[in-house]
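# Chain and residue survey
Listed below, chain by chain, are the residues.
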Amino acid sequence: METYILEWLSLLLRWSHFVVGIAWIGSSFYFVWLDTNLNQPPKDPESDRVAGDLWSVHGGGFYHSQKYLVSPAKLPEPLHWFKWEAYTTWLTGFALLVVTYYWNAQTYLVDASVRELTPTAAVLISIALLILGWVVYDALCRLPLKGATFTFVGVSVLAAAALGLSQLFSGRGMYMQLGAMLGTIMAANVAMVIIPGQRKMVDAMERGETPDPEPGLKAKQRSLHNNYFTLPVLFVMISSHYPMTYGHQGAWLILITLFLVGGAVRHYFNLRNQGRNVLAIPVFALAALLALAGLIAPRPRTVSGTVIGSADMATIQTIVALRCQSCHSANPTHPTAPVAPNGVMLDTPDQIHQWADQIYQQTVETRVMPLANLTAITEEERTTIAVWYQNRD
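An account of the accompanying structure is given in this report.

Analysis parameters
Residues numbered from 1 in each chain as written. Predicted model: local features only at pLDDT ≥ 70, side-chain atom pairs only at ≥ 80, totals over all residues. Heavy atoms only, no water. Axes fitted to C-alpha atoms, helices over the stretch in contact; angles between N-to-C directions. Helix = DSSP H or I, 4+ residues; strand = E, 2+ residues; numbered from the N terminus. Parallel < 35°, antiparallel > 145°, perpendicular 65-115°, else oblique. Left-handed = near helix turned anticlockwise from the far one by under 90°. Contact = heavy atoms within 4.5 Å. Expected span 1.5 Å × (residues − 1). Buried < 20%, exposed > 50% of the residue type's maximum accessible area, 1.4 Å probe, protein only. Salt bridge = Lys/Arg side-chain N within 4 Å of Asp/Glu carboxyl O. Pairing = 2+ DSSP bridges. Patch = residues over 30% accessible without salt bridge, like charges linked within 9 Å, V, L, I, M, F, W, Y side chains within 5 Å. Areas by Shrake-Rupley, 256 points an atom, 1.4 Å probe, with all protein chains shown as cover. Core = buried A, V, L, I, M, F, W, Y, C linked by side-chain atoms within 4.5 Å. Phe/Tyr/Trp six-rings, centres within 6.5 Å; stacked < 30°, edge-to-face > 60°. Lys NZ or Arg CZ within 6 Å of the ring centre and 35° of its normal. Bend = angle between axes of the 7 residues up to and from the residue.

Below, the discussion takes up the packing of helix H7 (residues 214-238) against helix H9 (residues 251-273). Here H7 crosses H9 at 135 degrees, and the two axes come no closer than 8 Å. Taken together, H7 and H9 sit at an angle that is classed as oblique. As H7 packs across H9, the resulting crossing turns out to be right-handed. Counted together, Leu224, Asn227, Tyr228, Thr230, Leu231, Pro232, Phe235 and Val236 of H7 and Leu255, Leu258, Phe259, Gly262, Gly263, Val265, Arg266, His267 and Asn270 of H9 form the full contact between these two elements.

A few words now on helix H4 (residues 119-141). Residues separated by three or four positions in an α-helix point in the same direction, a consequence of the helix having 3.6 residues per turn. Taking 1.5 Å per residue as the helical rise, H4 with its 23 residues ought to reach 33 Å, and the 33 Å between its terminal C-alpha atoms agrees with that figure. Every buried residue of H4 is accounted for by Ala122, Val123, Ser126, Leu129, Leu130, Gly133, Trp134, Tyr137, Asp138, Leu140 and Cys141. Where H4 is buried, its residues touch helix H2 (84-102), helix H3 (105-108), helix H5 (147-166), helix H6 (171-206) and H7.

One side chain can pair with another of opposite charge once the charged atoms of both are near each other. Inspection of every chain in the model, using the stated rule, returns 8 salt bridges. For the salt bridge of Lys67 with Asp35, the shortest nitrogen-to-oxygen distance reads 2.3 Å. With a gap of 32 residues between them, Lys67 in strand E2 (residues 61-68) and Asp35 in helix H1 (residues 2-37) connect regions that are remote in the sequence. Asp357 is the salt-bridge partner of Arg392, the closest N and O atoms lying 3.4 Å from each other. Of this pair, Arg392 sits in the segment after helix H14 (379-391) while Asp357 sits in helix H13 (residues 356-365); the two residues are 35 residues apart in sequence, bridging distant segments of the chain. Salt bridges sharing common partners tie together Asp35, Lys67 and Lys220.

Examined bridge by bridge, strand E1 (residues 50-58) and E2 share 8 bridges and lie antiparallel to one another. In the strand pairing of E2, Asp53 is matched with Gln66. Where E1 folds back onto E2 in an antiparallel hairpin, the turn is made up of 2 residues, including Gly59, whose phi is positive at roughly 60 degrees.

On the surface, a cluster of nonpolar side chains totalling about 840 Å² of accessible area is made up of Tyr4, Ile5, Trp8, Leu9, Leu11, Leu12, Trp15 and Val19. Along the chain, the position of Tyr4 falls in helix H1.

Right, let's get into the nonpolar core. Tyr175, Leu178, Leu255 and Phe259 are the most contacted members of the largest nonpolar core, which totals 57 residues. The set of elements that each furnish at least two residues to this core consists of H2, H3, H4, H5, H6, H7, H9 and helix H10 (280-296). Sorting elements by how many residues they give to this core places H6 first, with 15 residues. Look past the residues within four positions of Tyr175 in its chain and what remains in contact with it is Phe235, Val236, Ser239, Thr245, Tyr246, Ala251, Ile254 and Leu255. The next biggest cluster of nonpolar side chains, apart from the first, holds 18 residues, and it includes Ile352, Ile359, Val364 and Tyr389.

For the rest of this paragraph, the subject is the packing of aromatic side chains. Inspection of the entire model under this criterion finds 13 aromatic pairs. Ring geometry for Trp84 versus Tyr87: centroids 5.5 Å apart, planes at 90 degrees, classification edge-to-face. One end of the pair, Trp84, and the other, Tyr87, are both in helix H2, 3 residues apart, so they sit about a helical turn from each other. Here Trp84 falls in the exposed class, since its relative accessible area comes to 56%. Centroid distance Tyr268 to Phe269: 5.2 Å. Interplanar angle 70 degrees. Geometry classified as edge-to-face. When its relative accessible area of 7% is taken as the criterion, Tyr268 is described as buried. Every member of this aromatic cluster is reached through a ring pair, and the members are Tyr30, Phe31, Trp33 and Phe82. Across the ring face of Trp81, the terminal group of Arg199 is positioned such that the distance to the ring centre comes to 4.9 Å.

All right, on to H7 then. Taking 1.5 Å of rise per residue, the 25 residues of H7 would be expected to cover 36 Å, and the 37 Å separating its terminal C-alpha atoms lies within 8% of that figure. Roughly 35 degrees is the biggest bend found in H7, and it falls at Thr230, with proline Pro232 one to four residues downstream.

This is the structure:
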């Protein structure tokens, strides 16, 4: 019953996380687009205060948007704030991290073949790194680094973090940890810089003062950073479905490459919003993805090592029963699997043949299965699976 309840919690939290995440990312994309298109000051009594003016049409209606250089002459009412999308995205994401990765840290976060860590130690390290990630990022933002220099330093720090995490956690856990760190930075940007900066400007207007533009400029910087983080974080959210990435021996480098591609794609759309269609960027992104796919593609390998028996179906059924069926069965017995993950059941020879490609890829090529090797599959058993796969009918 506990596992069943956790499954429902995971479902509801994941669904909620996607819903509020879409709202947050949607507003981020829209306001960056809006900001880059508000470039025609109107001719009206307040034109000396207005930085840009934009007319648009959507959903059968016309909309008129203006952006002020600092502030309007009078504080408008009501004034709409955009903050709860960010806060609820982080809260649901952290709750999902707890239910999935912290509650089952020995399965999803820890990999004994990487480092011996108790589940408690792994969880505490993970939480500490969420905080440390924000501290380091915030410190970088306060340095006199601009443009390409900031990007280079930021990517270098991110790559170092990915490499370090690969020495602590499983590949899947490392991906999720880095994504959670970026998500925490994004939410902290809203809570610690963007909203406080906006509040300072509003408070000044309420006192009858002209707001200092500096808090608004800092908020804009962090908002733009959040905009570039969105596609890398979205990849992490779906990455658990693709063991070819996190299961590879160069998983950390693959992740950074995909982060760069995501950032480049976001940059292309940001430039296009400004009227600059730099096609070289998506061409580069596609070429990078194709090159990455080629580099990490499985290669034919010569199988060596001890084989159990004759590596026939009867032997494979025995291995599968010992190492796989606790999860991948019509009646799973493992506490993390109330039902067979992804509907993959391996109870019969026909089912084993049906999923032969995935069995080979995930037990021999990427070695991500069994999860965290909780069922203690041996090297001889992996070799036997490889021989059977390469010689099956």
